[in-house]
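# Understanding the architecture of this molecule
Letter by letter, the chains look like this.
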Amino acid sequence: MHKFPKFIGHRGASGFAPENTCVSMRIAKECGAQVVEFDVKKTKDSELIIMHDSSVDRTTNGHGRVIDMTLAEIKKLDAGCWFDPSFSGETIPTLKEMFSTLRHHSLGANIEIKPCPGTDIELSAQVIEFIENYWPNTLNPPLVSSFSVQALKTVREKSAQIPIGLIFDNPIPNDWKARAFDLKATAISVHHKSIENIEMIKEMHKEGYSVLAYTVNDHNLAKSLYDLEVDSIFTNYPGGFKLK
Ligand code: G3P
Ligand code: MG
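All of these numbers come straight from a predicted model, not from anything done at the bench. Position labels on residues start from 1 in each chain and follow its written sequence. Here every chain gets a letter starting at A, and every ligand a number starting at 1, in the order they are written. Where totals are concerned, whole chains, interfaces and linings use all residues; where local detail is concerned, this predicted model gives features only for residues with pLDDT of at least 70, and gives and counts side-chain atom pairs only at 80 or more. Side-chain measures were taken over the full set of non-hydrogen atoms in the model, leaving aside hydrogen atoms and water.

## Brief notes about the nonpolar core
Operational definition: Buried Ala, Val, Leu, Ile, Met, Phe, Trp, Tyr and Cys residues form a nonpolar core when they are joined through side-chain atoms within 4.5 Å. Burial classes: relative accessible area under 20% of the type maximum marks a residue as buried, over 50% as exposed, and values in between as partly exposed (1.4 Å probe, protein chains only). Note on definitions: a residue-residue contact is assigned when non-hydrogen atoms from the two residues lie within 4.5 Å.
Grouped together as the largest cluster of nonpolar side chains are 58 residues, with contacts concentrated most on Phe38, Val40, Leu102, Ile111, Ile131 and Ile233. Isoleucine 111 has contacts with Phe38, Val40, Phe99, Val127, Ile131, Trp135, Pro142, Leu143, Val144 and Ser145, leaving out every residue within four places of it along the chain. If you look at the next biggest cluster of nonpolar residues, it comprises ten residues, including Met51, Leu77, Ala79 and Ile92.

## A word on the coordination of the magnesium ion (ligand 2)
We count it as follows: Only nitrogen, oxygen and sulfur atoms qualify as donors, provided they sit within 2.8 Å of the metal or within 3.2 Å for Na, K and Ca; with water excluded from the atoms, sites may seem incomplete. A run of DSSP states H or I qualifies as a helix once it reaches four residues; a run of E qualifies as a strand once it reaches two. Both are numbered from the N-terminal end.
Here the magnesium ion (ligand 2) is held by the protein donor atoms Glu37 (OE), Asp39 (OD) and Glu112 (OE), which lie 2.0 to 2.2 Å from it. Summarised as a motif, the one-chain spacing of the donors to the magnesium ion (ligand 2) is E-x1-D-x72-E. Of this pair, glutamate 37 sits in strand β2 (residues 35–42) while glutamate 112 sits in strand β4 (residues 108–113), and the two are 75 residues apart along the sequence. The pair formed by glutamate 37 and glutamate 112 is uniform in burial state, with each residue classed as buried.

## With respect to the layout of surface pockets
As a reminder of what qualifies: Lining residues are defined by having an atom within 4 Å of a point belonging to a cavity or pocket. Those points lie on a 1 Å grid over the protein atoms alone, cavities being sets where a 1.4 Å probe fits but cannot get out and pockets being open sets with protein on both sides within 12 Å along at least five of seven lines. Grid points are joined across faces, edges and corners, and a volume is the space filled by probe spheres set on the points. Each residue gets one of three labels, nonpolar for Ala, Val, Leu, Ile, Met, Phe, Trp, Tyr, Cys and Pro, charged for Asp, Glu, Lys and Arg, and polar for the others, Gly among them.
Quantified by volume, the largest pocket comes out at close to 260 Å³. Val35, Gly108, Ala109, Asn140 and Pro141 are, among the 15 residues lining the largest pocket, the residues nearest its centre. Each residue belonging to the lining of the largest pocket can be placed in one class, and the counts come to nine nonpolar, five polar and one charged. When its volume is computed, the second largest pocket comes out at roughly 160 Å³. Elements with a minimum of two residues in the lining of the second largest pocket: β2 and β4.

## Observations regarding the pattern of salt bridges
Stated formally: For this document, the term salt bridge refers to a Lys or Arg side-chain nitrogen within 4 Å of an Asp or Glu carboxyl oxygen.
The full count for this structure, using the stated rule, is 14 salt bridges. Put simply, glutamate 19 and arginine 58 hold a salt bridge, and the shortest N to O gap is 2.8 Å. Of this pair, glutamate 19 sits in the loop between β1 (7–10) and α1 (22–30) while arginine 58 sits in the loop between β3 (48–50) and α2 (71–75), placing them 39 residues apart in sequence. Exposure remark for arginine 58: the relative accessible area of 37% places this residue in the partly exposed category.

## So, the packing of helix α4 (residues 120–134) against helix α5 (residues 149–158)
Short version of the rule: Axis definition: a line fitted to C-alpha atoms, limited for helices to the stretch in contact. Angles are taken between N-to-C directions and run from 0 to 180 degrees. Put simply, angles under 35 degrees are roughly parallel, angles over 145 are roughly antiparallel, angles from 65 to 115 are roughly perpendicular, and the rest are oblique. Crossings are classed by handedness, with left-handed meaning an anticlockwise turn of the near helix from the far one by less than a right angle and right-handed meaning a clockwise turn.
Put simply, α4 and α5 touch, their axes get as near as 8 Å, and they point 40° apart. Comparing their axes, α5 and α4 come out oblique. For the element pair α4 and α5, the recorded crossing hand is right-handed. Seen from α4, the contacting residues are Asp120, Ile121, Ser124, Ala125, Ile128 and Glu132; seen from α5, they are Gln150, Ala151, Thr154, Val155 and Lys158. In terms of residue class, the contact of α4 with α5 is made up of five nonpolar, three polar and three charged.

## Remarks on the site of ligand 1
Stated formally: Distances are taken per atom, and a residue is near a molecule or strand as soon as one of its heavy atoms is within 4 Å of it. Here a polar contact is recorded for every N or O atom pair within 3.5 Å, except that within protein the pair must consist of a potential hydrogen donor and a potential acceptor, and residues adjacent in sequence are included only if both atoms are side-chain atoms. For a molecule to be placed in a cavity or pocket, more than half of its atoms must lie within 2 Å of the grid points of that cavity or pocket.
All residues adjacent to ligand 1 are His10, Arg11, Glu37, Asp39, His52, Glu112, Lys114, Phe147, Ile167, Tyr214 and Phe234. Within the contact set of ligand 1, an oxygen atom lies 2.7 Å away from a side-chain nitrogen or oxygen of glutamate 37. A distance of 2.7 Å is found between an oxygen atom of ligand 1 and a side-chain nitrogen or oxygen belonging to lysine 114. Applying the majority rule of atoms within 2 Å of the grid points places ligand 1 in the second largest pocket.

As structure tokens, then:
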């Protein structure tokens, strides 16, 4: 079974810094994270950028859908001031800039493929090609995850080796075992509310999958999940609450 650190910085250190920015990754590292998670999308002109939502409205000073905007338009936006004026001037990173940040800080990654509707296949094919060409050779291979089965099938077609993380919504589907097997998954990411009992986690471990729970920002919840033998949690506050 793949070994994960006890916590993964969700969108970097998104409780302390604007999510999915390079500064958020740096702060996650300073807080003790060894691995960070971030979300990848495509712009109108097929550039890979780091962004969670389909629109830029919530996390920048701009408006509109990512899929309707070019990289040049995206790069004009301020992705920091919405969080705190002290972060103004921060921009939405390209995937290339993110890789450079990871290399600089020796940070491992969980790259989440977050397709805008209808872009699942082309986005995942492009992300895999990008990883093959540019992933820093000083770092362990990233975990590539998605809620989109179509995206992950493409990932597996393009790469036999890359570690795949299958993300499930709440509740976990009954056929989780077949889905994970088909993808030769390394990890299963589950909503913390969907974990019913320790047997469920033990069964996932028995099949060889690491179990990662999202998104956990509370010490007591983290403790109860570790007691259920969850391998790692995604948290917005890496190092920000005491973990055993
Ligand atoms: O992979 C864990 C988590 O990132 C999935 O949810 O919406 O924060 O991307 P979301
Ligand atoms: Mg995510």
